[in-house]
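Listed below, chain by chain, are the residues.
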Amino acid sequence: MCGCCFIPDPPRHGLGMERRRAEPDTGTNPVSLYGEYTVNGNRKVRCALSLTDRDLLVQRLTSTPVGRNKVVLSLEDCVGCRAYREDDTADPAAYFAAYFYPLKRRWMSSGVYRQRVEQCFRFDALQDPRANLEEAEKWARAVQERSARQQYLREGVLMSKLPRPCRMMLLVNPQSGNGQALMLYNNHIQRMLNEAGVPYTLFITERQNHARELVREADLSQWDALVIISGDGLLFEVINGLLERPDWEEAIRTPLGILPGGSGNALAASIHNYSGASPVCSEELLVSCGFLLCKGLVSRMDLVSIHLSSSPRLFSFLSLAWGFVADVDIESEKYRHVGAARFTIGTLVRLACLRVYRGKLAYLPATEGHNNDGGLRNNMTPHCNNQASSLGPAPLLGHPSRDSPCQNTFHNSCHSNNSLKGRTTESAPSRSATKSLTGPPDSLLLPLDQPLPDNWVVVQEEDFVLVLAMYQSHLAEDLLAAPDATLDDGLIHLLYVRAGISRAALLRLFLAMEKGAHLATNCQHLVYTKVRALRLQPYSPKGIITVDGEVVEYGPLQAETHRGLARLITG
């Protein structure tokens, strides 16, 4: 018998006995909906479907023992479902399809990854097409409601969810990474968003700061989320564009999403790490982040304001680097065609000619000098606007682009022939360095040309191989640089390596960083501390400083964290 019923309502005549015969054992999780249907594409195969508050159970109806024919699909792994009829008017059947991305164990190595599973069933018990469709729609509604009912807690806090349907602006940089962002969209993301029932508009950026301009001028009331498919550089543009708006306080609370389409993909790897899943890379990371995006759970994310000596204030979500890390990031651009492997090549090349940089580093420790209001002690004046430093900046270095390009379009219709632009971060063309800045005030920073407060720590050493400030866990897909970092801990995780380290020791350090074990290597040249603000004054006349992987003005700078300022879709 075909059809479905809600339980614990009294079963229909005859159906109750079949349900007791065929229904898999669900333990203490009672069945609320049950039916028997044929599998789409193979009408000889019939299955019993049982829906509980947590799972969809699919049991093939054969004489084979039950355990070999039962599939239990967690509703937490479901991104969407639908009921529909095909175009054949002579066929009265309707169909119910559900889309899951459960974790699957690897065959040859440890760890798990998400793999797409589609379950589709034919509803043809009645001759009335409308009645069959209504039954399929009942299943689709029930699965959607129970999937949405799952409670998502992170550290005891119930996470918010995007509205459904969610109107999404999808920004794609087709030249990020090794130029495969559009292919990744076509092969994976387009299908996942359709399965989740997420309406979106596709924009393809065509030049550096195009995304920044788009979000700065956009009517954000039309969008529930802004999502990018690119490396980290495009999100850097989006965040700074939002904070340049007159309504920045509301704009920066727009949920942001990132799907890995670049070379480093550090924030995407961090989001995956925060979900508690095993490390993955490449397209497996894309599928994982796509799944988390479709689930639509929103978390707070720290941003860090960065003041340069003669440029407008920037906001950063990932990292600030000077020395070895910045050199590798930028100088490996010439190996972009090999994808993420360019960082490995760049590391080996830079190790062969290791540089030492001179400068002064100071920071405000996270454990002291920070009152409940996050303000300065001793009634010092907060530094809210960028002011020129008495320390003259070194010449600005220009470098090839990483995440700049593309063209604006709706619903996948455009191509771009633009070459890569320079990767130096620019201020928005319509903004002036002397214009009043938008964004939150900085309560921990004095102007760059003023002495530091007494409660700051000044590092005695002045010779460094690298200085790296992290606010997320990952520096790249395979570099767990700050294992203790979380999205909104309000901390800058500061690491620096003093001069004198051997090439072999530095290489061991980065190899250990792949698993986040570098902090346990007892390297005498590595220092790690948690801070709320920092100041860096390079003495070396030439060098590279990067913010979120983008080159910025070389010279004195300082930074302060703003806890939970942005919103990020994390699943």
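Below is a short write-up of the structure. (Residues numbered from 1 in each chain as written. Predicted model: local features only at pLDDT ≥ 70, side-chain atom pairs only at ≥ 80, totals over all residues. Heavy atoms only, no water.)

Here we look at the pairing of strand S10 (residues 117–123)
Here is step 1 of the chain: With five of seven residues buried, S10 is to be regarded as a mostly interior element.
Here is step 2 of the chain: Note: strand S7 (residues 94–100) against S10, seven bridges, orientation antiparallel. Residue pairing for S10: Ala97 is matched across the bridge by Cys120. (Buried < 20%, exposed > 50% of the residue type's maximum accessible area, 1.4 Å probe, protein only. Helix = DSSP H or I, 4+ residues; strand = E, 2+ residues; numbered from the N terminus. Pairing = 2+ DSSP bridges.)

Topic: the side chain of Thr546
Here is step 1 of the chain: Its place among the elements puts Thr546 in strand S26 (residues 545–547).
Here is step 2 of the chain: Ignoring sequence-local partners within four residues, the contact set of Thr546 consists of Ser319, Leu320, Ala321, Ala326, Ile330 and Val551. (Contact = heavy atoms within 4.5 Å.)

Looking at helix H8 (residues 282–295)
Here is step 1 of the chain: Here H8 spans 20 Å end to end across 14 residues, near enough to the 20 Å set by a 1.5 Å rise per residue.
Here is step 2 of the chain: Within H8, eleven of the 14 residues are buried, leaving the element largely enclosed by the surrounding structure.
Here is step 3 of the chain: If you check which residues of H8 are buried, you get Leu285, Leu286, Val287, Ser288, Cys289, Gly290, Phe291, Leu292, Leu293, Cys294 and Lys295.
Here is step 4 of the chain: Just beyond H8, the residue with positive phi is Gly296, at close to 75 degrees. (Expected span 1.5 Å × (residues − 1).)

Notes on the packing of aromatic side chains
Here is step 1 of the chain: This structure, assessed with the given rule, holds twelve aromatic pairs.
Here is step 2 of the chain: With a centroid separation of 6.0 Å and 90 degrees between ring planes, the pair formed by Tyr37 and Trp139 is classed as edge-to-face. With Tyr37 in strand S2 (residues 31–39) and Trp139 in helix H2 (residues 129–148), this pair connects stretches of sequence that are 102 residues apart.
Here is step 3 of the chain: Since its relative accessible area comes to 0%, Trp139 is described here as buried.
Here is step 4 of the chain: Ring centres 6.4 Å apart and planes at 80 degrees place the aromatic pair Phe96 and Phe123 in the edge-to-face group. Here Phe96 is found in strand S7, whereas its partner Phe123 is found in strand S10, with 27 residues between them in sequence.
Here is step 5 of the chain: Assessed through its relative accessible area of 0%, Phe96 is described here as buried.
Here is step 6 of the chain: Each residue in the set Tyr37, Phe96, Phe123 and Trp139 is aromatic and connected to the rest through ring pairs, giving one cluster.
Here is step 7 of the chain: If you follow Arg82 out to its NZ or CZ, it ends over the ring of Tyr84, 4.0 Å from the centre.
Here is step 8 of the chain: The ring of Phe291 has Arg114 lying over it, and the distance from NZ or CZ to the ring centre is 3.9 Å. (Phe/Tyr/Trp six-rings, centres within 6.5 Å; stacked < 30°, edge-to-face > 60°. Lys NZ or Arg CZ within 6 Å of the ring centre and 35° of its normal.)

Quick word on unusual backbone geometry
As a rule of thumb, non-glycine residues mostly have phi less than zero, and peptide bonds are mostly trans rather than cis.
Here is step 1 of the chain: A cis amide bond links Arg164 to the next residue, Pro165, at an omega of 0 degrees.
Here is step 2 of the chain: Within the fold, Pro165 resides in the loop between strand S13 (160–161) and strand S14 (168–172).
Here is step 3 of the chain: Although it is not a glycine, Asp548 sits at a positive phi angle of roughly 55 degrees.
Here is step 4 of the chain: Under the relative-accessibility criterion, Asp548 is labelled buried at 0%.

Section: the side chain of Ser305
Here is step 1 of the chain: With respect to the helices and strands, Ser305 occurs in strand S18 (residues 297–308).
Here is step 2 of the chain: Given the relative accessible area of 0%, Ser305 is considered buried.
Here is step 3 of the chain: Separated by 2.5 Å, the side chains of Ser305 and Asp442 make a polar contact.
Here is step 4 of the chain: Not counting chain neighbours up to four residues away, the residues in contact with Ser305 comprise Arg313, Leu314, Phe315, Asp442, Gln558, Ala559, Glu560 and His562. (Polar contact = N/O pair within 3.5 Å; in protein donor to acceptor, adjacent residues only side chain to side chain.)

Focus: the packing of helix H4 (residues 210–217) against helix H5 (residues 232–243)
Here is step 1 of the chain: It is at 7 Å that the axes of H4 and H5 come closest, and there the two elements cross at 30 degrees. Here H4 is positioned roughly parallel relative to H5, judged by the angle of their axes. When you trace H4 past H5, the crossing you get is right-handed. Counting all contacts with H4, which are made through His210, Ala211, Arg212, Val215 and Arg216, the residues of H5 involved are Leu234, Glu237, Val238, Asn240, Gly241 and Leu242. (Axes fitted to C-alpha atoms, helices over the stretch in contact; angles between N-to-C directions. Parallel < 35°, antiparallel > 145°, perpendicular 65-115°, else oblique. Left-handed = near helix turned anticlockwise from the far one by under 90°.)

Considerations on the pattern of salt bridges
Here is step 1 of the chain: Considering all chains together, one arrives at 21 salt bridges under this definition.
Here is step 2 of the chain: For Glu284, the salt bridge is made with Arg106, and the minimal N-O distance between the two is 2.7 Å. In this pair, Glu284 is assigned in helix H8 and Arg106 in the loop between strand S8 (103–105) and strand S9 (112–114), connecting sequence segments 178 residues apart.
Here is step 3 of the chain: Taking relative accessible area as the criterion, Arg106 reaches 22% and is therefore assigned partly exposed.
Here is step 4 of the chain: Here Arg355 ties to Asp327 by a salt bridge, and the two come within 3.2 Å at their closest N and O atoms. With Arg355 in the loop between helix H10 (341–352) and strand S21 (357–365) and Asp327 in helix H9 (residues 324–331), this pair connects stretches of sequence that are 28 residues apart.
Here is step 5 of the chain: On the basis of relative accessible area, Arg355 is assigned to the partly exposed category, the value being 32%. (Salt bridge = Lys/Arg side-chain N within 4 Å of Asp/Glu carboxyl O.)

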